Amino acid sequence: MSDPTAPAREPLLTLRGVKTFYGNIIALKGVDLDVHQGEIVTLIGANGAGKSTLMMTIFGNPRAREGTITFAGRDITQMPTHEIARLNIAQSPEGRRIFGRMTVYENLQVGASLDGGVHFEEDLERVCTIFPRLKERLHQRGGTMSGGEQQMLAIARALMSRPRLLLLDEPSLGLAPLVVKQIFDVIRELNEKDGMTVFLVEQNAYHALKLAHRAYVMVTGTITMSGTGAELLADPQVKAAYLEGGRH
Amino acid sequence: MSGDAMTTRTGAGPAGSDLAAALKDGVRGALVMLGLCIPIILLRTDQSQANELILRPRVGLVLIFCALIFILRFTLSYYGVKWRTSRRLKAQGEALPTVTDARPTWKARLSAMALPAFLGLAVTYPLLTVLVNGGLDPSRYWIDLGILILTYVMLGWGLNIVVGLAGLLDLGYVAFYAVGAYSYALLATKFGLSFWICLPLAGILAAFWGVLLGFPVLRLRGDYLAIVTLAFGEIIRLVLINWVDVTGGAAGIYSIPRASFFGIPFTAGEDGFAARFGLEFSGMHRIVFFYYLILVLALITNFVTMRLKRLPVGRAWEALREDEIACRSLGINTVSTKLTAFAIGAMFGGFAGSFFAVRQGFISPESFNFLESAIILAIVVLGGMGSQIGVAIAAVVLVGMPELLRNLGFMRGFFGAGFDPNEFRLLLFGLGMVAMMVWRPRGLISHRDPSVVLKERKAISGSLVKEGHG
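Everything numeric here is computed off the predicted structure, so don't read it as measured data.

Enquirer: How do you make sense of the overall build of chain A when you look at a structure like this?
Expert: In terms of regular secondary structure, chain A is built from ten helices and ten strands. Rg of the C-alpha trace for chain A: 17 Å, near the compact-globule value of 18 Å for 248 residues, within the 12% margin. If one aligns the C-alpha atoms of chain A with their principal axes, the spans along those axes are about 45 × 40 × 40 Å. Expressed as a percentage of its 248 residues, the buried residues of chain A come to 52%. Pairs at least 24 apart in sequence give 67% of the contacts found in chain A among residues at least 6 apart.

So, in structure tokens, the structure goes:
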């Protein structure tokens, strides 16, 4: 997959020929994908295209049956999930998966457990600046917050480990347009200010493509198209498949 | 309640006025207690030698109760648990913070009171029974009951680590109790090791078995885990029955050496406990010692659990209970987290087991059947998973109540001479469970309330938060 906009240096995350199966059913049919340092890369596609599977495959759950996944020069294909996380890849999983009966503060503590919480106070300050709502609700149980707040918490929890790569799986899922905008603004800001590398899986193609430097389109387990966000946004096929019908 | 004491304490007054007010409060409480004691406790009716009704005054007891009330009331008052003050202040137009309100809610205040009250009761319990029953020997039943309850409190707290914190449903917890009991019994009878050496050994062995159980069930959760742990409990019991050479089979192990008071035996002889401390020999000394031993063991369990809860490993346990996948993707090693939960929970089960063996002096596989596991689990669930004080209350209710029901002999008056209250204990137990399911589905004390709430009424109860995916 040649990509004219890709910087020359080694990509941070590389997937080559990744195939993932659920039992005998093939979910990813050989995916090639690159994420470079400092980029926002988005993966768009319809329901069941395999976007979330790809996200979870990067984390080794389910494991790729064929192909290789490389992060920062290391082959992580066969690594256990928690060790992959220890390479400083953080994830805000699909459906958020916050710890509902623990408080916001405790959720963030668990997020910071990678390095034993040495930077905890500092990072807490930081995520509270990014998401002032969380500061208000620090001692409230995660499960009692609104969907948008929970999403913020999921991202904040991921940020607590000071990741080199942030994986976001459908952060806009089930959120009001205004909240979606807020979340996407935060992602942009993280990237522009802190140089955070973000890999974003989205159904909300319009917002995702506007935000992303580069983007991939996935259809039934295969990457069918790639390019800059602007290119794909203007592409008639993408327009017809993902943008028509007021999807934003 | 007169108001003058209250009004002197406006907001953050000087410490002196606080002290004075607290003293007043304590004295008032003690006076009320005195008033109540006079008709209820002061006079005991007895039969004299001549079969006449005589009244025996019990001034000492009344004074003790009054002193207890004074101390309790004074402490509560002085350390900021003021029942009506805050309401009164509000009425006077004091600016009270209402938005992020950091003042403890009434529930927090209740638990702040409950803890010292429980602890005080637990520590003074033998003394109280002696005072009420008028002597050491008549209180034997009550102190034994206290020991039984505390054993279950400890088991409940141990299992709470596995079930309440880590969310791993363990139906075979009694296996570790058995491992601990047999460890002590075998080490003591075959090798003559003392209780104080065997206690840590029993804990280590039980922890080892906990890890051994943990390995095969690492990938299981919820129902599947429950079935396997249930089987594990049964396997241990069947091994104990069938491995006759070592365990003595169904007959069990007899004459297990009793614990000494740190080297001083509880015997009537010269160097016995009673002689050394200049007391008159009584078999009850040992019982009272056992009571305090299990109390200390239980408190250690509680203390360790509370500490662990605040450490990263405790957070990891709770996170594991909530969502295993999220845990893993945050870099938590779920394998070691689960194994530590199993091991530490099992270790406390082992401690309790060796205490059980040393207290009974006789153990057999009968004591470690599935019903025991079920009761311990019921204590944890009824207490409210993850709540320490809830587990203690549930143990008192579930173990103490059925025992007290044995004393329902007077019910024969209603149900005829054939009525045996023992037969109905389990029925009442079941009724209690059903009542709990209906009214407090998340346990007596549902897991930690949020400490910051917008307004008291709006505090969202635990029942509205979704359960972790089992």
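Next comes the rest of the write-up.
Enquirer: Would you mind going over the interface of chain A and chain B with me for this structure?
Expert: Size of an interface, as often reported, equals the accessible area lost when the parts are brought together. Each partner contributes to the interface: chain A provides 28 residues, whereas chain B provides 26 residues. Looking at the side of chain A that touches chain B, the elements with two or more residues in it are α2 (81-86) and α3 (104-111) of chain A.

Enquirer: Quick question: what am I supposed to make of unusual backbone geometry here?
Expert: What is expected of a backbone is that most residues other than glycine have negative phi and most peptide bonds are trans. All names here are of chain A. The omega torsion across N61 and P62 is 5 degrees, close enough to zero to call that bond cis. Among the secondary structure elements, P62 is positioned in the loop between α1 (51-58) and β4 (66-71). In this model, N88 sits at a positive phi of 75 degrees, which is unusual for a non-glycine residue. Topologically, N88 is positioned in the loop between α2 and β6 (89-92).

Enquirer: What is the right way to read the pairing of strand β7 (residues 165-169) of chain A from this model?
Expert: The side chains of a regular strand alternate, residue by residue, between the two faces of the sheet. Residue and element names in this part refer to chain A. Within β7, five of the five residues are buried, which leaves it mostly tucked inside the rest of the structure. Burial along β7 is two-sided: the residues L165, L167 and D169 and L166 and L168 are all buried. As defined by bridge partners, β6 adjoins β7 across four bridges and the pair is classed as parallel. Bridged to A90 within β7 is L166. As paired elements, β7 and strand β8 (residues 197-202) share five bridges and run parallel to each other. In the strand pairing of β8, L167 is matched with F199. In this view, the connection linking β7 to its parallel neighbour β8 by way of helix α7 (residues 177-194) has right-handed handedness.

Enquirer: Is there a simple way to explain the environment of F199(A) in this structure?
Expert: Residue and element names in this part refer to chain A. Topologically, F199 is positioned in strand β8. Counting along the chain gives 14 residues from F199 to H213, while the straight-line C-alpha distance between them is 10 Å. Excluding its chain neighbours within four sequence positions, the residues that come into contact with F199 are L13, V35, V41, L165 and L167.

Enquirer: Please clarify how the pairing of strand β1 (residues 13-22) of chain A should be interpreted in this entry.
Expert: Residues and elements named next belong to chain A. Sheet topology note: the β1/strand β2 (residues 25-35) ladder contains eight bridges and is antiparallel. Paired with Y22 across the strands is I25, a residue of β2. Remark: two residues form the turn of the hairpin made by β1 and β2, two consecutive strands paired antiparallel; G23 in that turn has positive phi of roughly 65 degrees. Summarising the sheet, β1 and β4 pair through five bridges and their orientation is antiparallel. By the bridge assignment for β4, L13 is matched with F71.

Enquirer: Looking at this structure, I do not really get the confidence of the model for chain A. What am I missing?
Expert: Caution applies to low-pLDDT regions: their predicted coordinates should not be interpreted in detail. Residues at a pLDDT of 70 or more form 95% of chain A, whose mean pLDDT is 89. Least confident of the elements in chain A is helix α10 (residues 236-243) of chain A, whose mean pLDDT is 86; most confident is β4(A), at 95.

Enquirer: What should I look at first to understand the sheet that holds strand β10 (residues 222-228) of chain A in this one?
Expert: Sheet strands pair via backbone hydrogen bonds, and the direction of the pair is either parallel or antiparallel. Residues and elements named next belong to chain A. The sheet built from six strands is open, its strands ordered β6-β7-β8-β3-β9-β10 with mixed pairing. Since the sheet does not close on itself, it has two edges, and those belong to β6 and β10, each with one partner. Ignoring strand direction, the axes of neighbouring strands in this sheet form an average angle of 15 degrees. Strands in contact with α1 are β3 (40-45), β7, β8 and β9 (214-219); relative to β7, the strand with the most contacts, it is inclined by about 150 degrees.

Enquirer: Even after reading the chapter, I still don't get the sheet that holds β4(A), so can you show me in this structure?
Expert: All names here are of chain A. With antiparallel pairing, the four strands of this open sheet are ordered in space as β2-β1-β4-β5. Pairing within the sheet leaves two strands with one partner each, and these edge strands are β2 and β5 (74-75). The strands touched by α1 are β1, β2 and β4; relative to β2, the strand with the most contacts, the crossing angle is about 70 degrees.

Enquirer: Help me understand the environment of L159(B) in this model?
Expert: Residue and element names in this part refer to chain B. Mapped onto the elements, L159 comes out in helix α6 (residues 140-165). Residues L159 and L171, twelve residues apart in the sequence, show an inter-C-alpha distance of 9.7 Å. Apart from residues no more than four positions distant in its own chain, L159 is found in contact with D170, Y173, G345, I376, L377 and V380.

Enquirer: Looking at this structure, I do not really get the domain arrangement of chain B. What am I missing?
Expert: Residues and elements named next belong to chain B. Entries for chain B in the domain assignment read domain 1 (2-96) and domain 2 (108-405 + 440-464). Residue-level contacts link six residues of domain 1 with six residues of domain 2. Its residues assigned to classes, the side of domain 1 that touches domain 2 shows five nonpolar, one polar and no charged.

Enquirer: Just to check I follow, could you spell out the packing of α6(B) against helix α15 (residues 334-360) of chain B for this structure?
Expert: What describes two packed helices is the angle between their axes and the distance between those same axes. All names here are of chain B. One way to put it is that α6 packs onto α15 with a least axis distance of 8 Å and a crossing angle of 165 degrees. Our classification of the angle between α6 and α15 gives roughly antiparallel. Pair α6 / α15 crosses with left-handed handedness. The residues of α15 that touch α6, namely those facing I147, T151, M154, L155, W157, G158, L159, I161, V162 and L165, are A341, F342, I344, G345, F348, G349, A352, F355, F356 and R359.

Quick notes on the rules
Residues numbered from 1 in each chain as written. Chains lettered and ligands numbered in written order. Predicted model: local features only at pLDDT ≥ 70, side-chain atom pairs only at ≥ 80, totals over all residues. Helix = DSSP H or I, 4+ residues; strand = E, 2+ residues; numbered from the N terminus. Rg over C-alpha atoms; globule rule 2.2 N^0.38 Å. Buried ≥ 20, exposed ≤ 12 C-beta atoms within 10 Å, placed from the backbone. Contact = placed C-beta atoms within 7 Å. Pairing = 2+ DSSP bridges. Right-handed = clockwise from strand over helix to strand, strands pointing away. pLDDT = per-residue confidence, 0-100. Axes fitted to C-alpha atoms, helices over the stretch in contact; angles between N-to-C directions. Domains from an automatic or database assignment. Nonpolar A, V, L, I, M, F, W, Y, C, P; charged D, E, K, R; others polar. Parallel < 35°, antiparallel > 145°, perpendicular 65-115°, else oblique. Left-handed = near helix turned anticlockwise from the far one by under 90°.

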